[in-house]
Amino acid sequence: MEPETVLLAQSAGVTLVTLMTTDAWHRTRDGIVQLWRRMQPDRAEAVVAELDVTREDALAATEAHDEETLGELSLEWQGRLRRLLAAQPDAAADLRRLLDELEPNASTGPAVNVINQHATASGRARVYQAGRDQHNTPR
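None of the values given here were measured: they were computed from a predicted structure. (Residues numbered from 1 in each chain as written. Predicted model: local features only at pLDDT ≥ 70, side-chain atom pairs only at ≥ 80, totals over all residues. Heavy atoms only, no water.)

Draft legend 1. Examining helix H5 (residues 91-102) more closely. Over its 12 residues, H5 runs 17 Å from end to end, which matches the ideal 16 Å to within 8%, given 1.5 Å per residue. Within H5, the full set of buried residues consists of Ala91, Ala92, Asp94, Leu95, Leu98, Leu99 and Leu102. Along H5, the residues classed as buried sweep out an arc of 165° about the axis, all on the same side. Buried residues belonging to H5 abut helix H1 (3-19), helix H2 (25-39) and helix H4 (67-87). (Helix = DSSP H or I, 4+ residues; strand = E, 2+ residues; numbered from the N terminus. Expected span 1.5 Å × (residues − 1). Buried < 20%, exposed > 50% of the residue type's maximum accessible area, 1.4 Å probe, protein only. Arc of directions from axis to C-beta. Contact = heavy atoms within 4.5 Å.)

Draft legend 2. Expanded view of helix H3 (residues 44-63). When the terminal C-alpha atoms of H3 are compared, their 29 Å separation across 20 residues agrees well with the 28 Å that a helix rising 1.5 Å per residue should span. Listed in full, the buried residues belonging to H3 are Ala44, Val47, Val48, Leu51, Thr54, Ala58 and Ala61. Down the axis of H3, the buried side of the element spans an arc of 150°, and every buried residue falls inside it. Exposed side of H3, more than 90 degrees from the buried face: Glu45, Glu56 and Glu63 are the residues found there. Next to the buried residues of H3 lie H1, H2 and H4.

Draft legend 3. Examining the environment of Asp66 more closely. For Asp66, the position within the fold is in the loop between H3 and H4. Residue class for Asp66 comes out partly exposed when judged on its relative accessible area of 27%. Reaching out from Asp66, the side chain makes a polar contact with the side chain of Thr69 at a distance of 2.5 Å. (Polar contact = N/O pair within 3.5 Å; in protein donor to acceptor, adjacent residues only side chain to side chain.)

Spelled out as structure tokens, the structure:
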């Protein structure tokens, strides 16, 4: 599988789980279900059920500030989307269009930003990351 396709699945998985806890959920859900109905109609109803269960888990994890569970849910959907893209390469264009529609800067999209950050520190190193403002004061 091409790296671009893998990145698309990763981005879509994170975006999907993030939007599960927002007002944009129904629109997002409809878009994902339509994608499956076009590409793998025999799996569409199972995907509907999986989305609903995942949303319940995401809402509970968000309320409990459980980032680990949210990360696991994102990984699950990344895998599902990656397998869909592997089986149906034509789905990539549709998935990109859906993500573009959901982008916060799109005129009709929700105001949700998804930020992925990765850092590695060793020894006595420190890593400071922020998705927005960050204020560090010396100790």
